[in-house]
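Results of the structural survey
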Amino acid sequence: MGRVAAYHGKNRDVYHNHSDCWDGNNIEKRNLVKGTGGKKQCSTCANLFKK
Ligand SMILES: [Zn+2]
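As the structure is a computational prediction, the values presented were derived from the model and not from experiment.

The rules we used
- Residues numbered from 1 in each chain as written.
- Predicted model: local features only at pLDDT ≥ 70, side-chain atom pairs only at ≥ 80, totals over all residues.
- Helix = DSSP H or I, 4+ residues; strand = E, 2+ residues; numbered from the N terminus.
- Buried ≥ 20, exposed ≤ 12 C-beta atoms within 10 Å, placed from the backbone.
- Contact = placed C-beta atoms within 7 Å.
- Core = buried A, V, L, I, M, F, W, Y, C linked by C-beta atoms within 7 Å.
- Pairing = 2+ DSSP bridges.
- Axes fitted to C-alpha atoms, helices over the stretch in contact; angles between N-to-C directions.

With that out of the way, let us pick up the overall build of the chain. Of regular secondary structure, the chain possesses two helices and four strands. For the chain, the spread of C-alpha atoms along the principal axes amounts to about 30 × 20 × 15 Å. By residue count, 22% of the 51 residues in the chain fall in the buried class. Taking as baseline every contact in the chain between residues at least 6 positions apart, the subset at least 24 positions apart corresponds to 48%.

Take a look at the structure:
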């Protein structure tokens, strides 16, 4: 798996764009929002892309 369309959670200060990010996958569906929301990339996602 790998890159997915950017999404973020309401009340979170980062966005996610990797399918294997545990933090992103923890966001409840009702809190999911598409896009970056002008936020920073999640550090977990960033590390996943380095593998
Ligand atoms: Zn992430």
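Core analysis: the biggest nonpolar cluster contains five residues, these being Tyr 15, Cys 21, Cys 42, Cys 45 and Leu 48. Apart from the residues lying within four places of it in its own chain, the contact partners of Cys 21 are His 16, Cys 42, Thr 44, Cys 45 and Leu 48.

Let's shift gears to the sheet that holds strand S2 (residues 14–18). Hydrogen bonds along the backbone pair up the strands of a sheet, which may run parallel or antiparallel. Strand order in the open sheet formed by four strands is S3-S1-S2-S4, and the pairing between neighbours is mixed. Whereas interior strands pair on both sides, the edge strands pair on one side only; in this sheet they are strand S3 (32–34) and strand S4 (40–41). Of the pairings in the sheet, the one linking strand S1 (residues 3–9) to S3 comprises three bridges and is antiparallel in character. Its bridge partner being in S3, His 8 is matched across the sheet by Val 33. Contacts from helix H2 (residues 43–50) reach S2 and S4, with the element oriented near 25 degrees to S2.

Moving on, we come to unusual backbone geometry. Located in the positive-phi region is Asn 11, a residue other than glycine, with phi close to 70 degrees. Here Asn 11 is to be found in the loop between S1 and S2. Assessed through the 7 C-beta atoms surrounding it within 10 Å, Asn 11 is described here as exposed.

Moving on, we come to the pairing of S2. Among the five residues that make up S2, four are buried, leaving the element largely enclosed by the rest of the structure. The pairing of S2 with S4 spans two bridges and is parallel. Considered in S4, the bridge of Tyr 15 is made with Gln 41.

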